[in-house]
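Structural description and commentary
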Amino acid sequence: MRINEERLRSRMDAINRIAVTEEGGMMRLALSDADKTARDLLKSWIKEAGMEVRIDDLGTIQGYLPGTDPNSLPIGVGSHMDTQPNGGRYDGLFGVMSGLEAVCTLIDNGITMKSPLVVIDWTNEEGARFVPPMLASGVVAGNFDVNWVYAKEDKNGIKYVDELTRIGYMGSKSNRFEKAKAYIEPHIEQGPILDQEGYEFGIVTGALGITGLDVKIKGETNHAGTTPMRNRKDALMVAAEAMLELRKKTIEYGDPAVITMGIISASPASKNIVPGEVYFSIDMRHDNDEALTRLEQDVREIIQKVCSDNCAESHIERYWRADPVHFDEGIINASEKVANKLKIRAKRIYSGAGHDAVFINRIIPTGMLFVPSIKGMSHCPQEDTKWEDIVTGTEMLTELLIKIDK
Ligand SMILES: [Zn+2]
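Note that the structure is a prediction, hence the values are computed from the model and not measured.

Definitions and cut-offs
Residues numbered from 1 in each chain as written. Predicted model: local features only at pLDDT ≥ 70, side-chain atom pairs only at ≥ 80, totals over all residues. Heavy atoms only, no water. Patch = residues over 30% accessible without salt bridge, like charges linked within 9 Å, V, L, I, M, F, W, Y side chains within 5 Å. Areas by Shrake-Rupley, 256 points an atom, 1.4 Å probe, with all protein chains shown as cover. Salt bridge = Lys/Arg side-chain N within 4 Å of Asp/Glu carboxyl O. Lys, Arg positive; Asp, Glu negative; His and termini not counted. Charge placed at Lys NZ, Arg CZ, Asp CG, Glu CD. Helix = DSSP H or I, 4+ residues; strand = E, 2+ residues; numbered from the N terminus. Buried < 20%, exposed > 50% of the residue type's maximum accessible area, 1.4 Å probe, protein only. Axes fitted to C-alpha atoms, helices over the stretch in contact; angles between N-to-C directions. Parallel < 35°, antiparallel > 145°, perpendicular 65-115°, else oblique. Left-handed = near helix turned anticlockwise from the far one by under 90°. Contact = heavy atoms within 4.5 Å. Domains from an automatic or database assignment. Buried area = accessible area lost by both parts, 1.4 Å probe. Nonpolar A, V, L, I, M, F, W, Y, C, P; charged D, E, K, R; others polar. Donors = N, O, S within 2.8 Å, 3.2 Å for Na, K, Ca; no water.

1. Focus: a positive patch on the surface
Together, K114, K337, K403 and K406 give the surface a local cluster of positive charge. Here K403 shows up in helix α12 (residues 387-405).

2. Digging into the environment of I332
Checked against the element boundaries, I332 lands in helix α10 (residues 329-341). Taking relative accessible area as the criterion, I332 reaches 2% and is therefore assigned buried. Along the backbone, I332 and V204 are 128 residues apart, and their C-alpha atoms lie at a distance of 7.3 Å.

3. Regarding the packing of helix α2 (residues 33-48) against helix α3 (residues 93-108)
Relative to each other, α2 and α3 sit at 15°, their axes nearing to 11 Å. On the basis of their axis angle, the class for α2 and α3 is roughly parallel. Crossing handedness for the pair α2 and α3: left-handed. Side by side, α2 and α3 meet where L42, W45 and I46 of the first sit next to V96, M97 and L100 of the second.

4. Observations regarding the domain arrangement of the protein
As far as domains go, the protein holds domain 1 (5-207 + 324-405) and domain 2 (209-322). Taking the mean C-alpha position of each, domain 1 and domain 2 sit 37 Å from one another. Taken together, the 5 residues of domain 1 in the interface contact 9 residues of domain 2. Surface buried jointly by domain 1 and domain 2 totals about 470 Å² across both partners, of which 59% is contributed by carbon and sulfur atoms. Of all residues in domain 1, P324, Y350 and G352 give up the largest surface area on contact with domain 2, accounting jointly for 83% of the area buried on that side. Where domain 1 meets domain 2, there are 0 salt bridges. Taken together, the residues that form the side of domain 1 that touches domain 2 break down as 3 nonpolar, 2 polar and no charged.

5. Digging into the coordination of the zinc ion
Donor atoms from the polypeptide that coordinate the zinc ion comprise H80 (NE2), D91 (OD) and H187 (NE2), at 2.0 to 2.2 Å from the metal. For the zinc ion, all donor residues lie on one chain, and their spacing in sequence is H-x10-D-x95-H. With a gap of 96 residues between them, D91 in the loop between β3 (75-80) and α3 and H187 in strand β5 (residues 182-188) connect regions that are remote in the sequence. An identical accessibility class is assigned to D91 and H187; each is buried.

Structural data, given as structure tokens:
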């Protein structure tokens, strides 16, 4: 079934013209005026398609199309329209717009579905304005308390609940999308794998689990000029040695194991003092629970060994653990069948990033579909996807909705 490419392109362009940075990036922070303008457009297109607009108490927008079977639970499809401060054209927007286009294509072709269809724009997925990310889906999935989310402030001290009310998108709790037959989130990959390996499409099997550690290494603060090299307990050098070992070990694990030491600070942070103490953060991820646990054990042992070899002390504390997520087998298999039928080159892939789908998976059978990101660029103005892949992804989604309905 052919989608209406022109309609899809002109709608995406309209949203992407709203707030453009000097570098050509997108700037639609959650619940800002730019977000409101995008929301108003989405609402008008939902109405134009003959669907009902529903808004929940987190500001999440839903376009609702009734099905023919009054007993059938709905099928949801969507993502988010908020962006990073200098974000890309398709992150989030692709999921909402391909969902809307798929439903419009079904309507245009006179195809009726047993299940109601719901097109969704989740509020504050990015976490760029209100931290942490995925606040709305997190409440719906039971991870966060709604009042805790309402009280979240942006960096200017403005509250989520006040912005939600100001832009006119405070809806009702009864509209929450929390009971459904399936939720599908189409998204850009945000990584290089599909593009590098020449695939048109990714069927997402799950999302990586995460372990976060805070590491402190204690050596000895001393004079930079009078302390001979052999007498030093330089905490920063010990940390550097440990970090290189951690990198080597993680590479041994192979894909999809990843490790990042994103924050490092040395004290007393003076140019002529040997650093006596160092703090660094570790973020490590894997799709396999047991492997992630083993990796954490290896990481701890490496740090302890490097420290004891250098007469330094270490203190390691775990600040975060999220188990790997596995999406619904039925949706994964159905996606694969549709891809085969349409002769689309698809690869099973995991998500390295967090998405609303990761939370919603806890309460509703969920799946994700990826289109390739050119050179894997994301959260930046260079983020891009070939137009033919956007079209293929949307057609694939349309067929998948029909298959899930059956
Ligand atoms: Zn996104």
